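These are the residues of each chain, in order.
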Amino acid sequence: MDAFVKPTTPTDGMTPQQLAEYVRDGMWATDWARQALGMQVLAIGPGTATLRMTVRRDMLNGHQTCHGGLITTLADSTFAFSCNSRNELSVAAGFAVDISAPAFEGDVLTAVGTEVEKGGRLGLYD
């Protein structure tokens, strides 16, 4: 069974791009966490996604920089849209994020996820 498409929904005639967009819409519809954080899906395609999040005051830590966990959430969300874009249910077995600079209130963060390699049940994404 498809990961996000109801069994009665015909997806056989869709192009890979149409399928990625269809999956994006299905995932977004009930993704309350990403919606609450104000994330936006800027682009989606087979094996790729681009998400954006604006740093708000309620996202700041005691140093008045964006909490690293929220930056990581943006990266994880981008991975989720990238790896599920082919309508094959996927979850992370692990990931790493390096935060090279602080983000401040009002900063707009953009994350791009790209499939590097996919084989069987495993995939590698940047």
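Figured I'd write up the structure that's included with this text. (Residues numbered from 1 in each chain as written. Predicted model: local features only at pLDDT ≥ 70, side-chain atom pairs only at ≥ 80, totals over all residues. Heavy atoms only, no water.)

## Brief notes about a nonpolar patch on the surface
There is a patch of nonpolar side chains on the surface, built from F95, V97 and I99 and spanning about 250 Å² of accessible area. Residue position: V97 is located in the loop between α3 (68-84) and β3 (108-119). (Patch = residues over 30% accessible without salt bridge, like charges linked within 9 Å, V, L, I, M, F, W, Y side chains within 5 Å. Areas by Shrake-Rupley, 256 points an atom, 1.4 Å probe, with all protein chains shown as cover. Salt bridge = Lys/Arg side-chain N within 4 Å of Asp/Glu carboxyl O. Helix = DSSP H or I, 4+ residues; strand = E, 2+ residues; numbered from the N terminus.)

## Thoughts on the sheet that holds strand β1 (residues 40-45)
Taking strand neighbours across the sheet as the criterion, the 4 strands line up as β1-β2-β3-β4 in an open arrangement whose pairing is antiparallel. Across the chains shown, the open sheet's two edge strands, defined by having one partner strand only, are β1 and β4 (122-125). Strand-to-strand, the axes of this sheet are offset by a mean angle of 20°, without reference to chain direction. Note that strand β2 (residues 48-54) and β3 share 7 bridges and pair antiparallel. Counted as the bridge partner of A49 is G113 from β3. (Pairing = 2+ DSSP bridges. Axes fitted to C-alpha atoms, helices over the stretch in contact; angles between N-to-C directions.)

## Some points on α3
In an α-helix, one turn spans 3.6 residues, which is why side chains three or four residues apart end up on the same side. The first and last C-alpha atoms of α3 sit 24 Å apart over 17 residues, in line with the 24 Å expected at 1.5 Å per residue. Among all positions in α3, only L70, I71, L74, S77, T78, A80, F81, S82, C83 and N84 are buried. As for α3, its buried residues are in contact with α1 (16-29), α2 (32-36), β1, β2, β3 and β4. (Expected span 1.5 Å × (residues − 1). Buried < 20%, exposed > 50% of the residue type's maximum accessible area, 1.4 Å probe, protein only. Contact = heavy atoms within 4.5 Å.)

## Structural notes on the side chain of S85
Position of S85 among the secondary structure elements: in the loop between α3 and β3. When its relative accessible area of 1% is taken as the criterion, S85 is described as buried. One polar contact links the side chain of S85 to the main-chain amide nitrogen of G47, over a distance of 2.7 Å. A polar side-chain atom of S85 sits 2.8 Å from the main-chain carbonyl oxygen of S82. (Polar contact = N/O pair within 3.5 Å; in protein donor to acceptor, adjacent residues only side chain to side chain.)

## Here's the deal with the pattern of salt bridges
The tally for this structure, following the rule as stated, stands at 5 salt bridges. With its nearest N and O atoms 3.1 Å apart, the salt bridge here joins K118 to E88. In this pair, K118 sits in strand β3 while E88 sits in the loop between α3 and β3, placing the two residues 30 residues apart along the sequence. Classification of E88 as partly exposed rests on a relative accessible area of 40%.

## Overview of the nonpolar core
M53, V55, M59, C66, L74 and L109 are the most contacted members of the largest nonpolar core, which totals 22 residues. Elements with a minimum of two residues in this core: α1, β2, α3 and β3. Looking at this core, the element that brings in the most residues is α3, giving 5 residues. Those residues in contact with M59, other than ones at most four positions away along the chain, are L37, M53, T54, T65, C66, H67 and L70. (Core = buried A, V, L, I, M, F, W, Y, C linked by side-chain atoms within 4.5 Å.)

## A closer look at unusual backbone geometry
Unusually for a residue other than glycine, Q64 sits at a positive phi of about 65°. One non-glycine residue with positive phi stands out, namely N87, at about 65°. Looking at the element boundaries, N87 is found in the loop between α3 and β3.

## Here we look at α1
For α1, with 14 residues, the first-to-last C-alpha span of 20 Å sits near the 20 Å given by 1.5 Å per residue. Among the residues making up α1, those that are buried are L19, A20, V23 and M27. Buried residues of α1, viewed axially, fall in a sector of 100°; they line one side. Buried positions along α1 lie against α2, β1 and α3. (Arc of directions from axis to C-beta.)

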